Amino acid sequence: MTAPIVRTLSELRAMTRGWQRAAEIIGVVPTMGALHDGHLSLVARAKEQADRVIVTIFVNPKQFNTPEDLENYPRTEHEDAAKLERFGVDAIYVPDGAQIYPDGFATNVSVSGLTEVLCGAHRPGHFDGVATVVTKLFTQTSADLAFFGEKDFQQLQVVRRLARDLDLGVEVVGCPTIREIDGLAMSSRNLLLSDQARGRAAVLSDVMEDMASALTSGASIGDLMTEAKARLKASGFGDVDYLEMRTNDSLALIERAEEPARLFAAVWMAGVRLIDNIDVPVAR
Ligand code: PAF
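In short, a report on the structure. Worth saying up front: this structure is predicted, and the values here are computed from it rather than measured.

Digging into the pairing of strand E9 (residues 272-280)
- A large share of E9 lies buried, amounting to eight of its nine residues.
- Across nine bridges, the pairing between strand E8 (residues 261-269) and E9 is antiparallel. Among the inter-strand pairings, Ala-265 is bridged to a residue of E9, identified as Asp-276.
- Counted along the chain from E8 to the antiparallel partner E9, the turn is two residues long, and its residue Ala-270 has a positive phi close to 50 degrees.

Points about the sheet that holds strand E7 (residues 237-247)
- Spatially, E7-E8-E9 is the arrangement adopted by the three strands of the open sheet, whose pairing is antiparallel. Each edge of the open sheet is held by one strand with a lone partner, namely E7 and E9. Shown here is a sheet whose adjacent strand axes are inclined to one another by a mean of 15 degrees, direction ignored.
- With respect to the sheet, helix H10 (residues 203-216) is in contact with E7, E8 and E9, its orientation differing from that of E9 by roughly 30 degrees.

What to know about the nonpolar core
- Of all hydrophobic cores here, the largest spans 40 residues; its most connected members are Ile-54, Phe-138 and Phe-148.
- Residue assignment for this core shows that the elements contributing at least two residues are helix H1 (9-21), strand E2 (26-31), strand E4 (91-93), helix H6 (118-122), helix H7 (126-141), strand E5 (145-149), helix H8 (153-165) and E8.
- Sorting elements by how many residues they give to this core places H7 first, with seven residues.
- Ignoring any residue separated from it by four or fewer positions in sequence, one finds Ile-54 in contact with Leu-12, Thr-16, Trp-19, Ile-26, Gly-27, Val-28, Val-29, Ala-91, Tyr-93 and Thr-141.
- Membership of the second largest hydrophobic core comes to 30 residues, among which are Leu-193, Leu-204, Met-245 and Val-272.

Some thoughts on the packing of H10 against helix H11 (residues 221-234)
- Remark: H10 packs on H11, axes separated minimally by 10 Å, with the N-to-C direction vectors making an angle of 165 degrees. As the angle between them shows, H10 and H11 are arranged roughly antiparallel. Considering how the two elements wind past one another, H10 and H11 form a crossing that is right-handed. Within the contact between the two elements, H10 uses Val-203, Leu-204, Asp-206, Val-207, Asp-210, Met-211, Ala-214 and Leu-215 and H11 uses Ile-221, Leu-224, Met-225, Ala-228, Arg-231 and Leu-232.
- Class assignment of the residues belonging to the contact of H10 with H11 gives a composition of eleven nonpolar, no polar and three charged.

A word on the pairing of strand E3 (residues 52-57)
- Most of E3 is tucked away: five of the six residues are buried.
- Pairing geometry for E2 and E3, over six bridges, is parallel. Counted as the bridge partner of Val-29 is Val-55 from E3.
- Tracing the backbone out of E2, into helix H2 (residues 37-49) and back to the parallel element E3 gives a crossover that is right-handed.
- Where E3 meets E4, three bridges bridge the pair, whose relative direction is parallel. Paired with Val-55 across the two strands is Ile-92, which belongs to E4.

Things to note about the site of the ligand
- Around the ligand, the structure places Pro-30, Thr-31, Met-32, Asn-60, Gln-63, Val-133, Phe-148 and Gln-155.
- Within the side chain of Gln-63, a nitrogen or oxygen atom sits 2.6 Å from an oxygen atom of the ligand.
- Between an oxygen atom of the ligand and a side-chain N or O atom of Gln-155, the distance comes to 2.7 Å.
- Here the ligand, which alone exposes 290 Å², has 90% of that area covered by the protein.
- Taken together, the residues that form the shell around the ligand break down as four nonpolar, four polar and no charged.

Here is what the cut-offs are and how they apply
Residues numbered from 1 in each chain as written. Predicted model: local features only at pLDDT ≥ 70, side-chain atom pairs only at ≥ 80, totals over all residues. Heavy atoms only, no water. Buried < 20%, exposed > 50% of the residue type's maximum accessible area, 1.4 Å probe, protein only. Helix = DSSP H or I, 4+ residues; strand = E, 2+ residues; numbered from the N terminus. Pairing = 2+ DSSP bridges. Axes fitted to C-alpha atoms, helices over the stretch in contact; angles between N-to-C directions. Contact = heavy atoms within 4.5 Å. Core = buried A, V, L, I, M, F, W, Y, C linked by side-chain atoms within 4.5 Å. Parallel < 35°, antiparallel > 145°, perpendicular 65-115°, else oblique. Left-handed = near helix turned anticlockwise from the far one by under 90°. Nonpolar A, V, L, I, M, F, W, Y, C, P; charged D, E, K, R; others polar. Right-handed = clockwise from strand over helix to strand, strands pointing away. Near = heavy atom within 4 Å. Polar contact = N/O pair within 3.5 Å; in protein donor to acceptor, adjacent residues only side chain to side chain. Areas by Shrake-Rupley, 256 points an atom, 1.4 Å probe, with all protein chains shown as cover.

Structure below.
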C-alpha cells in the first residue's frame, strides 16, 4: 500500500487531529532518508506498538558540520517510499526547510552534559541541531511514541533526556542496532564507501567485539587500546575520533566494566566517519 507523502505541516495536522480525536496512538520514526534495514526495523516496531505510524524524512541542515557533508548526504526519496510500501505506514512526512525552520526561526534546543562527550566533542553544534529538529518533529507529528536506533546511542540518550525535560509527552523507544552479515552496523553513510573500503570497514565491529569480551573478562580499556588501534590501522582505518567505554545512562567515562556500560567508537575509513557502539556485559 503506497503511503501518502505529506509535505506540509497543515496537511499533516489535518491527519493527526483526526487520529487524536479517535484516541489513536501515534508513533513516529524520524529519519533523514536513505532508508536501510535498520530504519525498517524501527518502522516494524512502530507498527507493532502504535495505531498510526508516521515516517519523517528530512535531511536536517542544522546537524551537519560542513556544507560538503550536507551536500553529499544520500537523498533517495523515491526508493525510500518504495521500501516503506510493505509496512502500510499512515504517512511519510517529507517537509522542506521552510516547514521546519520558517523565516526568522530563532530557537535552539540544547541538552547539556550528555552532548559534551563522544560525537558532541568532535562535532560542535551537532546535537543542538538534532535536539532542535527532533523537538519540532515530535510536536509537528503529535507523537505519543518515537522510535530510535541504538546505533546512535548518544543521540538516543539525548532525545530521551529532552523528551523528559521538556515534558513532550513522547515515550522514546530504543531499538537494537541492525548489522550487515559481516558485522558492520547499518548506516546511510555506508553508501558513501567504495567497495574496497566497505570490505575493510567490518573490522571495526570485530575489534569492538574482541575488546568487549576482554573488558568483561576483567581487562582495563587502557590495556587493550594499543592493539585495537593497530588492528584498525592495519585494516585501512584513518583517524580514531574516539574509542571509549562509557556508562549507559550518564555516558561517564570508565576504565573497567564494573557497571552497565557500552564501548563507543568513531573512526574514519576512506573519508567517511563511521560510528558504532556495543554493550559491554559487567565483568564477572
Ligand atoms: O538519526 C537521524 O537520522 C537523525 O539524526 C534524526 C534523528 C532523524 C534527526 O535529524
